[in-house]
Amino acid sequence: MNGESKLEDLLSQLGTGTWNLLYFCGAAFWYMLIPPQTFSSVYLAPSVNYTCIPPFGHNVSHISEDSCSYVRFTSEGLQEEQCSEWLYDDPVFDSTLTSQFNLVCGRAYLRATYQSMYSFSSIAGSLVSGFAADKYGRKPVVVVSQILYAATAIGITFLPSFNGILAFRFILGTLGTPTFYMMGMEVCETKWRSLVGIVMALPWAIGTMMWGGAGFLIRDWYWLQLLVSLPTLLVLPVLFIIDESPRWLIVTGRHEEALKVLRRASRLNKTTLPSDSQLMSMFKEIEHENEKPIVKADSITSLGVIGGGAGRCALSWPKLLSTNKMRMVILALTINLFISSLVYCGLSLSGATYSTDPFLYMVLSGLMEAPGYSLTAPIIKKWGRKVPTMIGFVICGVVILSLAFIPSEISWLVMTFALLGKLTISGSFMILFVYEAELLPTEVRLMGLAVTIIAANLAGSFSAYIADYLSPLVPWLPSVIFGVSSFVACLMLIPLPETLGRPLPDTIEDLTRLWRSKGKKLDRTGDDDSQTEKLTA
């Protein structure tokens, strides 16, 4: 029995009870609070109605159609001047960052910058938190990041300058790490991992719906930001109750601490563990096993898709691009994650484009994500990973591309198609994380996942400019970009092999054999569903 199997067996003996629920509930509550910060610009920095106010005393001939300039009479004749003050008269919002800091005309791009700053900075946040969580432990990273996240989110409301707000948005993005989610998966026994993974992810959809409701009730950006940020303080007491991840303590040689954590866990769960001497002997075997240079195939969940393994990945670059098959897998997965994030974030930020009611659109948008997440597990168990993902991309491409040709006057049809696109892209996005974890060989898996996550975060930062800045200029173009991109993502999957029922590749040579073989169902203990459970983080 290898080190990872021993850890899984130990968790099974520990069972699932009060101790585990502290992690699950804490991470789930945390993920429910993130959407209002992630999609903050929808209600805090929207496009609003404005009219140019020329300076007092200027003899104005006329104001430009876009209200960004005016022409006045001077002694030298007609002269065009740029507007510097505007009157804001919007029936939807009372006060926004747009009106307070004049994010219109030549400064309109700053609205998209406000949104993209969060996604862009999350790239650095994921890499740094992954390294820190491996080196210093999961709990210190979670405690520090959560405290700073709450302070930064609340602090935004007290900043007097827009540059300061942008700086805080950047910091906020670096702190929105997945480490808490990873801790929840690390303390979860295998048989519950798929269910717990979905249960901890579903609050994201709930948080999206709540964000729509909060925006409807509060139309002033200051109070809205404060309202959605204060609940981040409620998660802080949980941080001082939970323990460090026993997995991390064991594999890093901190066996005495691991023993104390597991004894406390067994008391809370009312279960019985082996004697101290037996546990210490097991810890040493597990630590010795994990000193081997290649991470075990089943450990993708326990190490974390995004948060862990930064140091171990450092030497994987040459192998990551060493063969044609490997390069094809990396290229296809990177493009797919980029496009999935681009379309998903773009649709989330396009309430003003695809709906006459941005609040209802946000609520329904979150509602569409729930089946997109929960229905994927039975679908991929029966029909595999590749075909359902491709079908999802095709449906998304068709409905979103259709939006370019549907008259905006038929608002109910426009919103229906946009929400159908959100449903299908959410499902495809979820399946992709399982698919890529099963395609990438163990020796380069963590580095490959890191590359695709960076691509996804970059796409998230670009989507803000498409949805907010480009849409008012060319209303049909975002739909064309999102729709055509979805078709491209589908085409990129065609050369890849199916992974349903096939062993995880440990080496690049295994990937080549997987590519060439037709594959057969697993005949070892634990069917395809148990393998999926190990990868559904």
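I will try to describe carefully the structure that is included in this document. Fair warning: this is a prediction, and the values are worked out from it, not measured in the lab.

With respect to the pairing of strand 4 (residues 77-82)
And then number 1: Counting buried residues in strand 4 gives 0 out of 6 residues, a small share hidden from the surface.
And then number 2: Pairing of strand 3 (residues 69-74) with strand 4 involves 6 bridges; the strand directions are antiparallel. When the bridges of strand 4 are listed, Ser69 appears paired with Gln82.
And then number 3: The antiparallel hairpin formed by strand 3 and strand 4 contains 2 residues in its connecting segment.

Considering the state of the cysteines
And then number 1: Taken as a whole and judged by the stated rule, the model has 2 disulfides.
And then number 2: Each sulfur in the disulfide pair Cys52 and Cys83 lies 1.9 Å from the other. Of note, the bridge from Cys52 to Cys83 carries an S-S torsion of about -100° and is left-handed in sense. With Cys52 in strand 1 (residues 50-52) and Cys83 in the loop between strand 4 and strand 5 (86-88), this pair connects stretches of sequence that are 31 residues apart.
And then number 3: Since its relative accessible area comes to 11%, Cys83 is described here as buried.
And then number 4: Linked covalently through their sulfurs, Cys68 and Cys105 form a disulfide whose S-S length is 2.0 Å. Judged by the sign of its S-S torsion, about -95°, the cystine formed by Cys68 and Cys105 is left-handed. Here the residue Cys68 occupies a position in the loop between strand 2 (60-63) and strand 3, and Cys105 occupies one in the loop between helix 5 (97-100) and helix 6 (109-136), the gap between them amounting to 37 residues.
And then number 5: The class for Cys68 is buried, based on a relative accessible area of 13%.

Quick notes on helix 6
Side chains three or four residues apart in an α-helix point the same way, a direct result of the helix having 3.6 residues per turn.
And then number 1: Here helix 6 spans 39 Å end to end across 28 residues, near enough to the 40 Å set by a 1.5 Å rise per residue.
And then number 2: Along its length, helix 6 shows its largest kink, about 35°, at Ser116.
And then number 3: In terms of residue burial, helix 6 counts as a mostly covered element, since 20 of its 28 residues are buried.

What counts, and where the lines are drawn
- Residues numbered from 1 in each chain as written.
- Predicted model: local features only at pLDDT ≥ 70, side-chain atom pairs only at ≥ 80, totals over all residues.
- Heavy atoms only, no water.
- Buried < 20%, exposed > 50% of the residue type's maximum accessible area, 1.4 Å probe, protein only.
- Helix = DSSP H or I, 4+ residues; strand = E, 2+ residues; numbered from the N terminus.
- Pairing = 2+ DSSP bridges.
- Disulfide = S-S within 2.5 Å.
- Expected span 1.5 Å × (residues − 1).
- Bend = angle between axes of the 7 residues up to and from the residue.

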